Amino acid sequence: MLAKTWKKIGLIILIIACLWNIVFKLVNKISFDGAIESAKSYLQFNKETSVEQNNNTI
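Residues numbered from 1 in each chain as written. Predicted model: local features only at pLDDT ≥ 70, side-chain atom pairs only at ≥ 80, totals over all residues. Heavy atoms only, no water.

## Comments concerning the overall build of the protein chain
Helix and strand counts for the protein chain come out as 2 helices and 0 strands. Expected size for 58 residues packed as a compact globule is a radius of gyration near 10 Å; at 25 Å, the protein chain overshoots this value by more than 25%. Seen through its principal axes, the protein chain has C-alpha atoms that stretch 80 × 25 × 10 Å. With an accessible surface of roughly 5,900 Å², the protein chain has 70% of that area assigned to carbon and sulfur atoms. Averaging the locations of the 7 positively and 4 negatively charged side chains of the protein chain gives two centres separated by 32 Å. (Helix = DSSP H or I, 4+ residues; strand = E, 2+ residues; numbered from the N terminus. Rg over C-alpha atoms; globule rule 2.2 N^0.38 Å. Areas by Shrake-Rupley, 256 points an atom, 1.4 Å probe, with all protein chains shown as cover. Lys, Arg positive; Asp, Glu negative; His and termini not counted. Charge placed at Lys NZ, Arg CZ, Asp CG, Glu CD.)

## A closer look at a nonpolar patch on the surface
On the surface, a cluster of nonpolar side chains totalling about 610 Å² of accessible area is made up of Leu11, Leu14, Ile15, Leu19, Ile22 and Leu26. By the secondary structure assignment, Leu11 is in helix 1 (residues 2-27). Accessibility expressed as a relative area gives 49% for Leu11, which makes it partly exposed. (Patch = residues over 30% accessible without salt bridge, like charges linked within 9 Å, V, L, I, M, F, W, Y side chains within 5 Å. Salt bridge = Lys/Arg side-chain N within 4 Å of Asp/Glu carboxyl O. Buried < 20%, exposed > 50% of the residue type's maximum accessible area, 1.4 Å probe, protein only.)

## Some thoughts on helix 1
Taking 1.5 Å per residue, 26 residues should reach 38 Å; helix 1 reaches 37 Å between its end C-alpha atoms and fits that length. For helix 1, the tally of buried residues reaches only 0 of 26 residues, placing the bulk of the element at the surface. (Expected span 1.5 Å × (residues − 1).)

Nothing here speaks to function; it is geometry throughout.
Below you can see the structure in the form of structure tokens.
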């Protein structure tokens, strides 16, 4: 009898933990637009840096 009770309690805890994990990931998910803007600014910075380095070596 005790084993069945612990099995049910463990299953409920597992379900709650999985739902908590899913909700946490959905809430903290970075937006697609934000990711694109970040990548664009990173690439622009690298392009400007490489142009400056090429000008300094000439």
